[in-house]
Amino acid sequence: MPTDATPSGGKQTDICYFPGCSLATSAKENNQSLINVFHRMGYNLVELPDWNCCGTSSAHSIHSDLAFDLASRNLSLVPPGKMLLAACPSCLLRLRHAQLHLKKSESARKHYQDMWDRPFDPDLSITHFFEFLVRRDFKPYLNGRQKPLTGIRFAPYYGCMLNRPPDMRHEKNYHGLMEKTLAALGAEPLRHVPPEPGAALQPQRQNPDAAFLGVVVAGDGRKKLLRMVCPASGRSAAHAEIKRAD
Amino acid sequence: MNGDMPLPIIKLAGQKTGFDIGSEVIRRSGADFNSCLHCRCCASGCPFVDAMDYHPHGVIRLLQFKQTEQALSCATIWLCVGCHTCSMACPMAIDIAAIMDALRQIALENQVPAAEPGILGFHREVLNTVARYGRTHKLEIMLRYKVRTRDWFSDMDVGLKMLAKRKLDLMPSRVKNIAKIKHLFNGLWEGQSHAD
């Protein structure tokens, strides 16, 4: 853990944080850098106590009620009055979708209360870390501390972060968050990378996504960075890179 | 969310059962596919369309014509990853991913053999680790998936590199209050013996 003082005089504010399965395991370097960046900004990311799988992909594929219950248990664990910060777009979508369903449905709220022995908090704010960064002017916190990104071109890869089901179409969207954040640090955005290489299907169908990401990773040979928000697609990109190197 | 009404077993030999696939899909998904214009926006955005036997709007066409058997036994419902690219493209705001979820679940409940048994097997291994630990355990998922498919060597290079980079934890990350999680999985796979 970094120990240097923050601009706020070393005072750290706690934020309730949902890492999710990928960030807790196969994308743990992603997790650690997020924790470090937030620490430097004066925020202490505290893991949601006893969090569980958000209910994405396999759970909602097989049983919608199970996916809803898994997501709503996580919502029930957030300490009252706190916001919840998420890092994985798919976790974010599941958690927010469950919250929206709870706001709309009386019977879902009753089920929630019976299940988790506490009332549903409709005011809980579930925020993606990029959104959190953009809402604050984070540059003063990082000045002189980060390696400048000048000269690095990056392909923003949002995965399924920009997509949502139609019943969430009036919710906020995340277009341009990565471009805004990384351009502020001196990097140059390339064209938008099309969404979703299907990381969830990677073990069964490795070719479509690996080939697709291989094109992005190979590029034109210039210094380039693929900035991803999806921890599972990060694995697909690594896979594509390994295949290319072979 | 879904109701608790058990469905009748669908007779896939073409016998009439009085089961209306259309209204069941609408009840579960909340998505009224009858407003579909067949503009194909969903298909042109879908990243998996090349692997599908019916395009997303093709599955909707099957539902409109009440082609229960084809709709429940097609590969498309298993290949959909629920990324919502189609729903974003749809001018009629039809939640196509929710329709795919509904069809997949109706197929499972009625023991319709999955057109993509490997994908169903993978979902089972993922959910088995969630039931055991409350979170996914990727090494166990992959090893059990390998046992299931008896395909030992594809992906071996990536697996070893991920292990070397400590991206595959040997031990699972666990939820403490696992009893609550286990409770959610009670009866999940009942009546689905075919799926193994």
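What counts, and at which threshold
- Residues numbered from 1 in each chain as written.
- Chains lettered and ligands numbered in written order.
- Predicted model: local features only at pLDDT ≥ 70, side-chain atom pairs only at ≥ 80, totals over all residues.
- Heavy atoms only, no water.
- Helix = DSSP H or I, 4+ residues; strand = E, 2+ residues; numbered from the N terminus.
- Buried < 20%, exposed > 50% of the residue type's maximum accessible area, 1.4 Å probe, protein only.
- Contact = heavy atoms within 4.5 Å.
- Areas by Shrake-Rupley, 256 points an atom, 1.4 Å probe, with all protein chains shown as cover.
- Phe/Tyr/Trp six-rings, centres within 6.5 Å; stacked < 30°, edge-to-face > 60°.
- Lys NZ or Arg CZ within 6 Å of the ring centre and 35° of its normal.
- pLDDT = per-residue confidence, 0-100.
- Salt bridge = Lys/Arg side-chain N within 4 Å of Asp/Glu carboxyl O.
- Nonpolar A, V, L, I, M, F, W, Y, C, P; charged D, E, K, R; others polar.
- Axes fitted to C-alpha atoms, helices over the stretch in contact; angles between N-to-C directions.
- Parallel < 35°, antiparallel > 145°, perpendicular 65-115°, else oblique.
- Left-handed = near helix turned anticlockwise from the far one by under 90°.
- Pairing = 2+ DSSP bridges.
- Right-handed = clockwise from strand over helix to strand, strands pointing away.
- Arc of directions from axis to C-beta.

A.B. asks: Pulling in residues and values, what's your account of the overall build of chain A?
C.D. replies: For chain A, the helix and strand inventory stands at 11 helices and 7 strands. A total of 246 residues make up chain A; the buried ones form 55% of that total. Taking all contacts inside chain A whose residues are at least 6 apart in sequence as the whole, residues at least 24 apart take part in 76%. Just so you have it, chain A exposes about 10600 Å², and 53% of that area is on carbon and sulfur atoms.

A.B. asks: So what about the overall build of chain B? Which residues, and what values?
C.D. replies: Within chain B one finds 11 helices and 0 strands. Across the 196 residues of chain B, 51% fall into the buried class. For chain B, the proportion of contacts with a sequence separation of at least 24, taken over those separated by at least 6, is 66%. Roughly 9600 Å² of accessible area belongs to chain B as shown, and the carbon and sulfur atoms make up 56% of that amount.

A.B. asks: Which residues make up the packing of aromatic side chains, and what values do they have?
C.D. replies: Under the criterion given, the structure shown has 7 aromatic pairs over all chains. With 5.1 Å between their ring centres and 85° between their planes, Y43 of chain A and F132 of chain A make a pair best called edge-to-face. Highlighted residues: Y43 of chain A in strand β2 (residues 43–47) and F132 of chain A in helix α7 (residues 129–135), separated in sequence by 89 residues. Residue classification places Y43 of chain A among the buried positions, given a relative accessible area of 14%. On the basis of an interplanar angle of 80° and a centroid distance of 5.6 Å, the ring pair of Y112 of chain A and F120 of chain A is categorised as edge-to-face. Across this residue pair, the class does not change: Y112 of chain A and F120 of chain A are buried. Every member of this aromatic cluster is reached through a ring pair, and the members are F38, Y43 and F132 of chain A. It is R136 of chain A that lies over the ring of F132 of chain A; its NZ or CZ is 3.7 Å from the centre. Between R135 of chain B and the ring centre of W51 of chain A, over which it is positioned, the NZ or CZ distance is 3.8 Å.

A.B. asks: Describe the confidence of the model for chain A, naming the residues involved and giving the relevant values.
C.D. replies: Residue and element names in this part refer to chain A. When pLDDT is averaged along chain A, the result is 79; 71% of the residues meet or exceed 70. For the stretch residues 206–212, pLDDT sits under 50, and the model shows 12 contacts to residues farther than four places along the chain or on other chains. Between residues 242–246, whose pLDDT stays under 50, and residues either more than four places distant or in other chains, the model counts 8 contacts.

A.B. asks: Provide a residue-level description of the interface of chain A and chain B, including the pertinent values.
C.D. replies: As a measure of interface size, the accessible area lost when the parts come together is often cited. Contacts between the two partners involve 51 residues from chain A and, on the opposite side, 54 residues from chain B. Taken together, chain A and chain B are joined by 2 salt bridges. Between D169 of chain B and K28 of chain A there is a salt bridge, with its nearest N and O atoms 2.7 Å apart. Among the secondary structure elements, those contributing two or more residues to the side of chain A that touches chain B are α1 (20–24), α2 (28–40), α3 (58–62), α4 (64–77), α5 (89–104), α6 (106–116) and α11 (231–245) of chain A. Looking at the side of chain A that touches chain B, its residues break down into 23 nonpolar, 15 polar and 13 charged.

A.B. asks: Go over the packing of helix α3 (residues 56–64) of chain B against helix α7 (residues 96–109) of chain B, please, and point to the residues and values.
C.D. replies: Residue and element names in this part refer to chain B. Running from N to C, α3 and α7 point in directions that differ by 60°, and their axes come no closer than 11 Å. By the angle between their directions, the pair α3 and α7 is classed as oblique. Crossing of α3 over α7 shows left-handed handedness. Of the residues in α7, those in contact with P56, V59, I60 and L63 of α3 are I96, I99, M100 and L103.

A.B. asks: Kindly report on the pattern of salt bridges, identifying the contributing residues and their values.
C.D. replies: Enumeration over the complete set of coordinates arrives at 16 salt bridges over all chains. We note a salt bridge from E29 of chain A to K167 of chain B, for which the minimum N-O separation is 2.9 Å. Of this pair, E29 of chain A sits in helix α2 while K167 of chain B sits in the loop between α10 (156–164) and α11 (178–184), each in a different chain. Between R135 of chain A and E131 of chain A there is a salt bridge, and its shortest N-O distance comes to 3.8 Å.

A.B. asks: Please give an account of the confidence of the model for chain B that cites residues and values.
C.D. replies: Parts of the model with low pLDDT should not have their predicted coordinates read in detail. Across chain B, the average pLDDT comes to 88, with 88% of residues at or above 70. Under a pLDDT of 50 for its full length, residues 1–15 of chain B has, in the predicted model, 27 contacts with residues more than four places off or in other chains.

A.B. asks: An account of the packing of helix α8 (residues 117–133) of chain B against helix α9 (residues 138–149) of chain B is needed here, citing residue identities and associated values.
C.D. replies: Residue and element names in this part refer to chain B. The N-to-C vectors of α8 and α9 enclose an angle of 140°; their axes lie 9 Å apart at closest approach. Comparing the axis directions of α8 and α9 gives the class oblique. Crossing of α8 against α9: the hand is right-handed. Contacts between α8 and α9 pair G118, G121, F122, R124, E125, V126, T129, R132 and Y133 from the former with E140, I141, M142, R144, Y145 and R148 from the latter. By residue class, the composition of the contact of α8 with α9 is 6 nonpolar, 3 polar and 6 charged.

A.B. asks: Describe the pairing of strand β5 (residues 153–157) of chain A, listing the residues and the values that go with them.
C.D. replies: Regular strands show a simple pattern: their side chains alternate between the two faces of the sheet. All names here are of chain A. The buried count for β5 comes to 5 of 5 residues, which makes it a mostly enclosed element. In β5, alternate side chains face the same way, and those of R153, A155 and Y157 on one face and F154 and P156 on the other are all buried. Here β5 pairs with strand β6 (residues 188–189) via 2 bridges, running parallel. What sits directly across from R153, in β6, is E188. As a crossover connection, the stretch from β5 through helix α9 (residues 177–184) into β6 is right-handed.

A.B. asks: Can you explain α9 of chain A? Please cite residues and give values.
C.D. replies: Residue and element names in this part refer to chain A. Those residues of α9 that sit buried are L177, M178, T181 and L182. All buried residues of α9 project into a common sector of 100° when viewed along the axis, lining one side. Trailing α9 by a residue or two, G186 shows a phi angle of about 105°, which is positive.

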